[in-house]
2 protein chains.
Amino acid sequence: MELLVPLGRISDWQIADLSREVNCSMAFGQDNLLKMIDIQLLTTPLDTLGCISFVQSDDSGGIDVFIGTVRNATKGKPVLRLEFEAYEPMAVAEMRKIAEQAIQKFGVKRIAIHHRSGILEIGEAAVVIAVSAPHRAAAFDACRYCIDTLKETVPIWKKEIFEDGEVWVAAHP
Amino acid sequence: MELLVPLGRISDWQIADLSREVNCSMAFGQDNLLKMIDIQLLTTPLDTLGCISFVQSDDSGGIDVFIGTVRNATKGKPVLRLEFEAYEPMAVAEMRKIAEQAIQKFGVKRIAIHHRSGILEIGEAAVVIAVSAPHRAAAFDACRYCIDTLKETVPIWKKEIFEDGEVWVAAHP
């Protein structure tokens, strides 16, 4: 059984990229940010429609939603199921920071990021990111920014479980 | 009351861009394409979760969904509601062509494009596009390609209804 615990991810994560730090709460106010952002790390199936309802707003013309699902194979090898493990307080804080950066960078209206932990079967959603914006380009750009940044900075790991063993890998390669 | 019927859109549409024609049915087989693509033009509220369920497949790792919603203002002027009018047979054929092109260009697994016609209130979904792919980049690129191309080639028009009048404009500017 191949078993590689990716301890490197924590130290990568701890080397904070200070240039990306955004004091978003100063620009928008903490109360407004609470209404604009919904971050959840859950052991139960993700509610895609709930994420969409959260971001829907009358002053938005476009919503982009990304759903990361468990694929039945990786590099041609059949996968039975996945197990996600998160360092919860830091994962939630880091997802919130990404959402605040997306609001600042792209002028989006609302963002929901929900991530699963625990064992997931093939086809289940591991992550749902929903973003609303006045125009569609900002919604697409912000949603993609969120998932691309999430894989780099959020301390969540994925164990791929095969017929003949299992291996820990980056959660969103 | 300002009322501009954009007859120009039909002739634009009729000048087919033959270079974009893709004989997708030859590459994938007509039966397979029927399973991969779901195109609907509807007078009833769109079913976002139904679109997502249609595209979900065990060999996909990412789903991108775009939802175009009715915004409460355009260029700073409050909008009361919208009315979408489609030239139905051609709108459906053109949406199907866009989906086939996206499969060919981006290697995506499944695509659903549902579009409303008729009167829509603020916040309602005018269009839902869901795309699944083995990896997320293809899902994002294909979804964006679909909505960007839809606005250029599909014969659907939008009437913006204000307090003091109404105006026909391109459906997805």
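1. Some details on the sheet that holds strand β6 (residues 110–116) of chain A
(1) Moving on: The strand order β1(A)-β6(A)-β8(A)-β2(A)-β2(B)-β8(B)-β6(B)-β1(B) describes an open sheet built from 8 strands, whose pairing is mixed. The sheet is open, and its two borders are formed by β1 (37–42) of chain A together with β1 (37–42) of chain B, each paired with just one other strand. Taken pair by pair, the neighbouring strands of this sheet meet at an average axis angle of 5°, ignoring direction.
(2) Moving on: With 6 bridges connecting them, β1(B) and strand β6 (residues 110–116) of chain B associate as parallel partners. The partner of B:Ile39 across the bridge, within β6(B), is B:Ile113.
(3) Moving on: Those strands touched by helix α5 (residues 88–106) of chain B are β1, β6 and β8 (125–133) of chain B, and its axis lies near 155° from that of β1(B).
(4) Moving on: Along the sheet, helix α6 (residues 136–153) of chain B makes contact with β2 (62–69) of chain A together with β2 (62–69), β6 and β8 of chain B, crossing β8(B) at roughly 150°.

2. Details of the pairing of strand β9 (residues 156–162) of chain A
Residue and element names in this part refer to chain A.
(1) Moving on: Both strand β5 (residues 81–86) and β9 contribute to a ladder of 6 bridges, which runs antiparallel. Across the sheet, residue Ala 86 finds its bridge partner in β9, namely Ile 156.
(2) Moving on: As paired strands, β9 and strand β10 (residues 165–170) are joined by 6 bridges and run antiparallel to one another. Each residue of the ladder has a partner; that of Lys 159, found in β10, is Trp 168.

3. Quick word on the sheet that holds strand β5 (residues 81–86) of chain B
All names here are of chain B.
(1) Moving on: Spatially, the 4 strands line up as an open sheet ordered β7-β5-β9-β10, and their pairing is antiparallel. Two strands in the sheet have a free side with no partner beyond their single neighbour: β7 (118–121) and β10 (165–170). Each neighbouring strand pair of the sheet contributes to a mean axis angle of 25°, computed without reference to strand direction.

Cut-offs applied
Residues numbered from 1 in each chain as written. Chains lettered and ligands numbered in written order. Predicted model: local features only at pLDDT ≥ 70, side-chain atom pairs only at ≥ 80, totals over all residues. Pairing = 2+ DSSP bridges. Helix = DSSP H or I, 4+ residues; strand = E, 2+ residues; numbered from the N terminus. Axes fitted to C-alpha atoms, helices over the stretch in contact; angles between N-to-C directions. Contact = placed C-beta atoms within 7 Å.

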